[in-house]
Amino acid sequence: MFDAKKLLDQFLGSQLPGAGGTVGGRADQVTKLAKDNPLATGAIAAVLLGTKSGRKLAGNAAVLGGLAAIAGLGYQAYKNYQAGQAPQPASRAPAELSAPPADSGFAAPEALSNDFALVLVRAMIAAARADGHIDETERGRIMDKLSVSGLSADAAAFLEAELANPIDLDAIVAAGETEEERVEIYTASRLAIEPDGRAERGYLDLLAGRLGLADALVDHIEATVSAAKVSV
């Protein structure tokens, strides 16, 4: 079994300057990156996700790693929501993220199970597929590009299956056993995409409803993630 935590870190490492555009365009842009510096560049995820609106993580969220960024942003939003604060404007500078307290319900990366890390990867892929642009031809192109990235056979097979099979939203939702885990699932999904179209916004609204997240809590997550991203 491959290391889902490492793959998740690669996913959030994809938000690199110049990695925007269509999936096909991103695949061309990151091929050289993948050959020159496999995995460390985040090229794997740049092929799959990219940042269609040309945005990337800012501040220390950009260097914390996938799991730490998801937990940190989710905890920050949850804490502000519980304190009854107003969502922070997206125009504000991103707050420095700190590790959630041990008793917060937001697990530190080293304490998170590989199974739940896999759920977060699945959630991000599902969000990226929300606009339906990854068809069979595009899938083949993506896998061709991933073949030069140094991805393990198990991880490549997993990603190919996730791109080919119907999105199993029921399984993603069911994996969130606590409210904190459900916040992390939504946070990971929101980090994967920008809701700048009806399909993306509709998917995130559906996900929030299925996860049973309060509207005010979703507003806090949206504001926290938006503030943590800057234009490339």
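Residues numbered from 1 in each chain as written. Predicted model: local features only at pLDDT ≥ 70, side-chain atom pairs only at ≥ 80, totals over all residues. Heavy atoms only, no water.

### Examining the overall build of the protein
Broken down by element type, the protein carries eleven helices and two strands. Counting from the amino terminus, helix and strand elements in the protein follow one another as α-α-α-β-α-α-α-α-α-α-α-α-β. In the protein, which comprises 232 residues, the share counted as buried stands at 51%. Sequence-distant contacts in the protein: of pairs separated by 6 or more residues, those separated by 24 or more amount to 84%. Of the roughly 10,000 Å² that the protein leaves accessible, carbon and sulfur atoms contribute 51%. (Helix = DSSP H or I, 4+ residues; strand = E, 2+ residues; numbered from the N terminus. Buried < 20%, exposed > 50% of the residue type's maximum accessible area, 1.4 Å probe, protein only. Contact = heavy atoms within 4.5 Å. Areas by Shrake-Rupley, 256 points an atom, 1.4 Å probe, with all protein chains shown as cover.)

### With respect to helix α7 (residues 153-164)
With twelve residues, α7 should cover 16 Å at 1.5 Å per step; its first-to-last C-alpha distance of 16 Å lies within 8% of that length. Buried within α7 are the following residues: A155, A156, F158, L159, E162 and L163. The buried residues of α7 occupy an angular sector of 160° when the element is viewed end-on, so they sit on one face. (Expected span 1.5 Å × (residues − 1). Arc of directions from axis to C-beta.)

### Quick word on the layout of surface pockets
Its volume calculated, the largest pocket comes out at about 220 Å³. Around the largest pocket, the lining is made up of 14 residues, and of these R122, E162, D168, A171 and I172 lie nearest the centre. Of all the secondary structure elements, the ones that give two or more residues to the lining of the largest pocket are α5 (114-128), α7 and α8 (169-174). Take the lining of the largest pocket: its biggest share by element is four residues, from α5. (1 Å grid on protein atoms, 1.4 Å probe; cavity = no way out; pocket = protein on both sides within 12 Å on 5 of 7 lines; lining within 4 Å. Points joined across faces, edges and corners; volume = space filled by probe spheres on them.)

### Digging into the confidence of the model for the protein
Residue-level pLDDT values for the protein average 74, and 68% of them are 70 or greater. Highest mean pLDDT in the protein belongs to α8 (97); lowest belongs to helix α2 (residues 23-36) (37). Low pLDDT (under 50) marks residues 50-54, which in the prediction has 20 contacts with non-local residues, meaning those over four places away or in another chain. Considering only residues more than four positions removed or in separate chains, one finds that residues 58-64, a stretch of pLDDT under 50, has 14 contacts. (pLDDT = per-residue confidence, 0-100.)

### Some remarks on the pattern of salt bridges
Scanning all chains against the criterion turns up six salt bridges. Across the pair R190 and E194 runs a salt bridge, and its minimum N-O distance is 3.3 Å. The exposure class assigned to E194 is buried, which follows from its relative accessible area of 14%. Here E222 and R201 are joined by a salt bridge, their closest N and O atoms 3.0 Å apart. One end of the pair, E222, is in helix α11 (residues 215-227); the other, R201, is in helix α10 (residues 198-211), with 21 residues separating them in the sequence. (Salt bridge = Lys/Arg side-chain N within 4 Å of Asp/Glu carboxyl O.)

### Details of helix α9 (residues 179-192)
Here α9 contains 14 residues, and its C-alpha end-to-end distance of 20 Å stays within 8% of the 20 Å for a straight helix at 1.5 Å per residue. With respect to burial, α9 is a largely interior element, twelve of its 14 residues being buried. Where α9 is concerned, the buried positions are E180, E181, V183, E184, I185, Y186, T187, A188, S189, R190, L191 and A192.

### Focus: the packing of α5 against α9
It is at 8 Å that the axes of α5 and α9 come closest, and there the two elements cross at 40°. By the angle between their directions, the pair α5 and α9 is classed as oblique. The two elements α5 and α9 cross, and the hand of that crossing is right-handed. The segment α5 lies against α9, with F116, V119, L120, A123, M124 and A127 engaging E181, E184, I185, A188, S189 and A192. Grouping the constituent residues of the contact of α5 with α9 by class yields nine nonpolar, one polar and two charged. (Axes fitted to C-alpha atoms, helices over the stretch in contact; angles between N-to-C directions. Parallel < 35°, antiparallel > 145°, perpendicular 65-115°, else oblique. Left-handed = near helix turned anticlockwise from the far one by under 90°. Nonpolar A, V, L, I, M, F, W, Y, C, P; charged D, E, K, R; others polar.)

### Some details on the nonpolar core
One finds L120, I185, Y186, L213 and I221 to be the most contacted residues of the largest nonpolar core, which totals 54 residues. Looking at this core, the element that brings in the most residues is α5, giving eleven residues. Not counting the four nearest positions on each side in its chain, I221 is found in contact with A77, V183, Y186, T187 and L213. (Core = buried A, V, L, I, M, F, W, Y, C linked by side-chain atoms within 4.5 Å.)

### Considering the side chain of H220
Looking at the element boundaries, H220 is found in helix α11. Relative accessible area serves as the criterion here: at 4%, H220 is assigned to the buried category. A distance of 2.8 Å separates a polar atom in the side chain of H220 from the backbone oxygen of Q85. Not counting chain neighbours up to four residues away, the residues in contact with H220 comprise A77, N80, Y81, Q85, A86 and P87. (Polar contact = N/O pair within 3.5 Å; in protein donor to acceptor, adjacent residues only side chain to side chain.)

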